[in-house]
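# Examination of the molecular architecture
In case you want the letters, here they are:
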Amino acid sequence: MKFNLQLGKFRFGFGEQPQAVRSFGGASVISRLNEDWLLPQTSADSELAPALKNLRFRARELERTNEYVQRYLDLIDNNVLGHCGVNLQMKITDPSGKMDVTANKIISDAWDKWKERKNCTPSGRQCWREVEGMVLRRAACDGGILIRLVKNWENEFKFAIQLIEIDQLDTDYSMRLQNGNEIRFGIEVDQWRRVVAYYILKNHPGDYQANARQRDRIPANEILHVYLATRPGQTVGHPWMASVMQALEHLGKYREAELVAARMEACKGYAIEQVTPDGWQGDTDANGSPSQEMSPGMALNLAPGQKYVPIQPTHPNTAHGEFVKASLRGIAGGLSVNYNSLANDLESVNYSSMRAGKLEEVEEYKSIQSWLIESLHTPVFEAWLEMALISGVIKSPNGTPLPVSKFEKFNSPCWKPRRWPWVDPLKDLQASVLAVEKGFKSRRSIIAEMGEDIEEVFQEQAEDNALAESLDLEFPTDVQEKETPEMPETETETTPAKLTLPQGVEE
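Compared with the 20 Å implied by 1.5 Å per residue over 14 residues, the 20 Å span of helix 3 (residues 67–80) between its first and last C-alpha is a close match. Taken together, the buried positions of helix 3 are Tyr68, Val69, Tyr72, Leu73, Leu75, Ile76, Asp77, Asn79 and Val80. Against helix 2 (52–65), helix 6 (128–142), helix 7 (245–266), helix 8 (320–335), helix 9 (339–343) and helix 10 (351–391) lie the buried residues of helix 3. Two or three places before Tyr68, at the start of helix 3, stands the capping residue Asn66, its side-chain oxygen 2.9 Å from that residue's backbone nitrogen. Backbone geometry just downstream of helix 3 places Gly82 in the positive-phi region, at approximately 75 degrees.

Along the chain, Glu61 falls in helix 2. On the basis of relative accessibility, which here comes to 38%, the residue Glu61 falls in the partly exposed class. As a C-alpha pair, Glu61 and Cys141 span 80 residues in sequence and 9.9 Å in three-dimensional space.

Attention now goes to the sheet that holds strand 7 (residues 182–184). Spatially, five strands are ordered 6-7-8-9-10 in an open sheet, and the strand pairing comes out antiparallel. Single-partner strands in this sheet number two, and they are strand 6 (175–176) and strand 10 (215–219).

For the protein, the mean per-residue pLDDT works out to 83, and 78% of the residues sit at or above 70. In the model, residues 479–485 has pLDDT below 50 throughout and makes zero contacts with residues more than four positions away in sequence or in other chains. Note that pLDDT drops below 50 for residues 490–499; the model gives that stretch two contacts with residues more than four away or on any other chain.

It is worth spelling out the packing of aromatic side chains at this point. Tallying each qualifying case throughout the model produces 14 aromatic pairs. Ring centres of Trp111 and Trp415 lie 5.9 Å apart, and the angle between their planes is 65 degrees; this geometry places the pair in the edge-to-face category. One end of the pair, Trp111, is in helix 4 (residues 101–114); the other, Trp415, is in strand 14 (residues 413–416), and 304 residues separate them in sequence. Using a relative accessible area of 0% as the deciding quantity, one classes Trp111 as buried. On the basis of relative accessibility, which here comes to 11%, the residue Trp415 falls in the buried class. Taking 5.5 Å as the distance between ring centres and 40 degrees as the angle between the ring planes, the aromatic pair formed by Phe381 and Trp384 counts as tilted. Separated by three residues within a single helix, Phe381 and Trp384 lie in helix 10, roughly one turn from each other. There is no split in this pair, since Phe381 and Trp384 are both buried. Directly above the aromatic system of Tyr173 lies the positively charged group of Arg215, at a separation of 3.9 Å from the ring centroid.

Cut-offs applied
The residue count restarts for each chain, going from 1 along the sequence in the order it is written. Local features in this predicted model are restricted to residues whose pLDDT is 70 or higher, and side-chain atom pairs enter the listing and the counts only when it is 80 or higher, whereas totals over whole chains, interfaces and linings include all residues. Computation of side-chain values: all heavy atoms of the structure, hydrogens and water removed. Only runs of H or I of at least four residues qualify as helices and only runs of E of at least two qualify as strands under DSSP, and these elements are numbered from the N terminus. Expected span of a helix, by definition, is 1.5 Å for each gap between consecutive residues, and there is one gap fewer than residues. Three exposure classes are used, based on accessible area relative to the maximum for each residue type with a 1.4 Å probe and protein chains only: buried under 20%, partly exposed in between, and exposed over 50%. Contacts are assigned to residue pairs that have any heavy atoms within 4.5 Å of one another. Two N or O atoms count as a polar contact when they lie within 3.5 Å, although within protein this holds only if one can serve as hydrogen donor and the other as acceptor, and sequence-adjacent residues are included solely when both atoms are side-chain atoms. Pairing between strands is defined by DSSP: at least two bridges between them are needed. pLDDT measures how confident the predictor is about each residue, on a scale from 0 to 100. Aromatic rings from Phe, Tyr and Trp, with only the six-membered ring used for Trp, were paired whenever their centres fell within 6.5 Å, and each pair was classed as stacked if the ring planes differed by under 30 degrees, edge-to-face if by over 60, and tilted otherwise. The criterion for a charge sitting over a ring is simple: Lys NZ or Arg CZ within 6 Å of the ring centre, and within 35 degrees of the ring normal.

Okay, here's the thing in structure tokens:
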């Protein structure tokens, strides 16, 4: 209880004092305005434990039934990998720092041969580009994928990789071991949370021929667990679309309801009430209830005693399009892609808006490229190179196998992911030329931004020039400046005009 007393210009207060105003609105005390705002204080694994499977299964259902999820997965596949995937450019140098052209070529050629369908996987069903796409897609939709490095496989490289769906990771298996290690989501880790082994089910738990739940303990050095962690201590990943899955499902149901309502609105007809006491004579459903399909211009039969009540829905709803756009903009923001790309909507875009949206979207794709190269390409290449050198399949031009003792020298890959042409390539190319001329950028950096390698570009240019010269061909490479025509001499302020004086007048 509080009392206020005022004597003249003096005011006195007694009782409870008002609380200090909080500095953060988001940390305000629980009230009727935020009582449904949850305050979880759980770790990443504790949040995932009860929700992981539902998230994964629902994401797959959206992948199968929702066109925008399918579009999102296609966007990341096309932009992160492109039609060629991530290309390999070897950068092996000799002790003097000069490029070892011979070693670079023979290792690159061997890698290209291993990427073929017959060598890449034990099943012989996927080439390397298909593996790249499947790993990226399953990581985005399922939250992760397992890859087993199969050494001493029956091919000339003695190496292959096996793709294992994340469902076969026994995520229900969690316990503490006597040696101090801990098993979380079927992954054994030590006290530093370094992975020691994976517990993988012998059969997919959802397969129709699945046997008893049996698992194998596979050492960590034989497995790649490709997933994107968003919190420290996160053992497994979750679908990338987790934050927008509910919005996608609601939007899909809303569009379905609008479509059905519009279809009903288009089916105008009339009703005939039966007055005979024979009862309903029309079609019935499985439960024996009257059933009729709506169609344009139909006559609706009514049972005796039933009355026709017209239903006049106002569909299609005039606000339907704007509502869908607003919803998709929020979904696109949650997926970190451009709305115009996700919705395939170029109705009201211009050069400036397209460029601004693409710049930000491209940075997201570059981030995914770096993560994928670090998680997939680099470890697979290192394991392949080791086995290829041990097997002696990579040979120098004189037939001598490259020595495995120089593994560190030969392990010099430089990955070249795809790059993107701009909205107006001519303007950007002119800007690049100007930047090189003024010394703000190098040719190397410009070529790298295009996803190419300067050594390869210059080598191809030299080969093209040599071929053209051998065939006596000439191709202009520079635009010749037009000669400026000579202008007649004009009088300037520094050159006084010559005056013609009248006859008999001296200068």
